[in-house]
Amino acid sequence: MSSLLFPALLLVGPAVHAFGIVGQYHPYGLTPSTWYQPDSHPVHALFRRASGDDGVAYASVGSPEWSKGFPADPGSMQNMPQAWLDALNKAVAAGKIPDVPVTTTPPGSNPTYPDGYDPMSPDVCSATYQCRIPDDIWDGPDGYLSLSFDDGPLPPSPTLYKFLKQKDQHATHFYIGTNILQHPDCFKMAWDNQDDIAVHTWTHPYMTTKTNEEVLAELGWTMQLIHNSTGGRVPKYWRPPYGDSDMRVRAIAKEVLGLTTVIWNQDTNDWSLSDPVPITSMDKIATQMHTWLTGPKKPGLIILEHELSNQSVQAFIDAWDLVVSNGWKTTSVAQMGGSSAYQNSWNATSPVTQAKVADLSVHPPPVQAVASTTSQVKAMPSPSAPAKSSRPNHAGNKSSASHHSATLATLGIAGLVVVATVYVLS
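Residues numbered from 1 in each chain as written. Predicted model: local features only at pLDDT ≥ 70, side-chain atom pairs only at ≥ 80, totals over all residues. Heavy atoms only, no water.

## Focus: helix 3 (residues 82-93)
Note: α-helices contain 3.6 residues per turn, so residues at a spacing of three or four share the same orientation. Taking 1.5 Å per residue as the helical rise, helix 3 with its 12 residues ought to reach 16 Å, and the 16 Å between its terminal C-alpha atoms agrees with that figure. Those residues of helix 3 that fall on the buried side of the exposure criterion are Trp84, Leu85, Ala87, Leu88 and Ala91. Down the axis of helix 3, the buried set is contained in an arc of 160°. They therefore lie on one face. Turned more than 90 degrees away from the buried face of helix 3 sit Lys90 and Ala93, all of them exposed. (Helix = DSSP H or I, 4+ residues; strand = E, 2+ residues; numbered from the N terminus. Expected span 1.5 Å × (residues − 1). Buried < 20%, exposed > 50% of the residue type's maximum accessible area, 1.4 Å probe, protein only. Arc of directions from axis to C-beta.)

## Re the side chain of Thr103
Inspection of the secondary structure puts Thr103 in the loop between helix 3 and strand 2 (144-150). At 2.7 Å, the side chain of Thr103 forms a polar contact with the side chain of Thr208. (Polar contact = N/O pair within 3.5 Å; in protein donor to acceptor, adjacent residues only side chain to side chain.)

## Here's the deal with the environment of Pro184
Examined against the element boundaries, Pro184 turns out to sit in helix 6 (residues 184-192). A relative accessible area of 15% places Pro184 in the buried class. Distance in space between the C-alpha atoms of Pro184 and Ser229 is 9.4 Å, their sequence separation being 45 residues. Excluding anything up to four places from it in sequence, Pro184 contacts Val61, Gly62 and Trp66. (Contact = heavy atoms within 4.5 Å.)

## Digging into the packing of aromatic side chains
Following the criterion strictly, the structure yields 10 aromatic pairs and no others. Here the aromatic rings of Phe149 and Phe316 are separated by 4.9 Å at their centres, their planes lie at 85°, and the arrangement is edge-to-face. Taken together, the positions of Phe149 in strand 2 and Phe316 in helix 10 (residues 310-325) put the pair 167 residues apart, joining distant regions of the chain. When the ring of Phe163 is compared with that of Trp320, the centres are 6.2 Å apart and the planes differ by 85°; the resulting orientation is edge-to-face. Residue Phe163 is found in helix 4 (residues 157-166), and its partner Trp320 is found in helix 10; the two are separated by 157 residues along the sequence. A residue is classified by how much of its surface remains accessible, and Phe163, at 11% relative accessible area, is buried. Among the residues examined, Trp320 registers a relative accessible area of 6% and is labelled buried. An aromatic cluster is present here, built from Phe70, Trp84, Trp202 and Trp221 joined pairwise through their rings. Directly above the ring of Trp328 sits Lys297, whose terminal nitrogen or CZ lies 5.0 Å from the centroid. (Phe/Tyr/Trp six-rings, centres within 6.5 Å; stacked < 30°, edge-to-face > 60°. Lys NZ or Arg CZ within 6 Å of the ring centre and 35° of its normal.)

## Some thoughts on the pairing of strand 2
Across the 7 residues that make up strand 2, a large majority, 7, are buried. Along strand 2, one buried face is formed by Tyr144, Ser146, Ser148 and Asp150 and the opposite face, lined by Leu145, Leu147 and Phe149, is buried too. Examined bridge by bridge, strand 2 and strand 9 (residues 329-332) share 4 bridges and lie parallel to one another. The residue bridging Tyr144 from the neighbouring strand is Lys329, located in strand 9. Across 3 bridges, the pairing between strand 2 and strand 3 (residues 172-175) is parallel. Across the sheet, the residue bridging to Ser148 is Thr172, located in strand 3. (Pairing = 2+ DSSP bridges.)

## Focus: the side chain of Glu305
Within the secondary structure layout, Glu305 lies in the loop between strand 8 (303-304) and helix 10. Of the buried charged residues, Glu305 lacks a salt bridge, with Arg239 as the closest side chain of opposite charge at 8.4 Å. (Lys, Arg positive; Asp, Glu negative; His and termini not counted. Salt bridge = Lys/Arg side-chain N within 4 Å of Asp/Glu carboxyl O.)

## A look at the packing of helix 4 against helix 10
At a minimum axis distance of 9 Å, the contact between helix 4 and helix 10 shows a crossing angle of 20°. By the criterion of interaxial angle, the relationship of helix 4 to helix 10 is roughly parallel. Crossing handedness for the pair helix 4 and helix 10: left-handed. Residues Thr159, Leu160, Phe163 and Leu164 of helix 4 touch helix 10, and the partners they reach there are Val313, Phe316, Ile317 and Trp320. Looking at the contact of helix 4 with helix 10 residue by residue, the class counts come to 7 nonpolar, 1 polar and no charged. (Axes fitted to C-alpha atoms, helices over the stretch in contact; angles between N-to-C directions. Parallel < 35°, antiparallel > 145°, perpendicular 65-115°, else oblique. Left-handed = near helix turned anticlockwise from the far one by under 90°. Nonpolar A, V, L, I, M, F, W, Y, C, P; charged D, E, K, R; others polar.)

Now the structure itself:
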């Protein structure tokens, strides 16, 4: 599948500048009083609202008109609206995008930075190496299991959606753009369940291997398709494939598109269950789930799980009784701590805000207060090799290539017409 990937280009330049790894943060990365973006943020113009009901008649999800204009292959992803590129260039010129070099991915290893760039340094702060950036989300609120699933929508997804609906639960689905195009009926099922839709990129690459423009395309096209499929809602959250993000990548997501980065604090490795030689098993996942769900509730859990296979969905279903019996409170990742699921709407049923991404006058529905304390963000001790932790990195496993190829299998999308017109500006 390597032919489907963009070339990994090394950016040569002076030493990167620090990007503000200081100050306090909420332990689960949320600041509810500032869930909106300021009027000067470019995402206002990129996805501007025309009226209270969005003012746009969107094509039906799954129709030929709905899929028209979206990239059918990686090469056409670069045909982005000029407004996106202008916003990126403006952010770069303003010094908001750190000059961190693009990584390479040697076989069987984590993304690798050029000599002289420490992935654990504040200037680089690679999530792959377990470095935490302020306001990126790794942990849930104390006592909460925050539900999320990656890589959908796919044929195994309806079983998960039916179970969530039966249990009156809502999850955040980090969707791959090409999978939405390939499986619109599954998308509609999650949306009809009032689950929260978030971004997992267009083709599921290691994001630190991408140039600035490629990062923008991976995020922007997925945001645009979600926007066009949800009545004009603008996604607020994204999760990097393989957890691969750093100061440059997350800055493009935040400064240009208003996206908050979500990682996790426990990993089932369930993505490998459908591999010919899986690195885990249903029994091992059950043991992990028992340990996590019967263990401490501080911090709360964000478990990396997938709707990638029947087995991965079943692993979650099998653990549900433990969630209930151990008294975990549950919420979607997007709405944990009383946060909004979208940049311009509180959830799937709330109105889309008028003429701006969000508004201080738009208040959340009543929720139970979540007690929290603030703490200092810090980089974990710098290892000479990829960090070993309770969250093994996908990149450190040989089977990650199979995970990648499985999620890219939908790139052969027939019948798409790449045109210049997309619903970006009203």
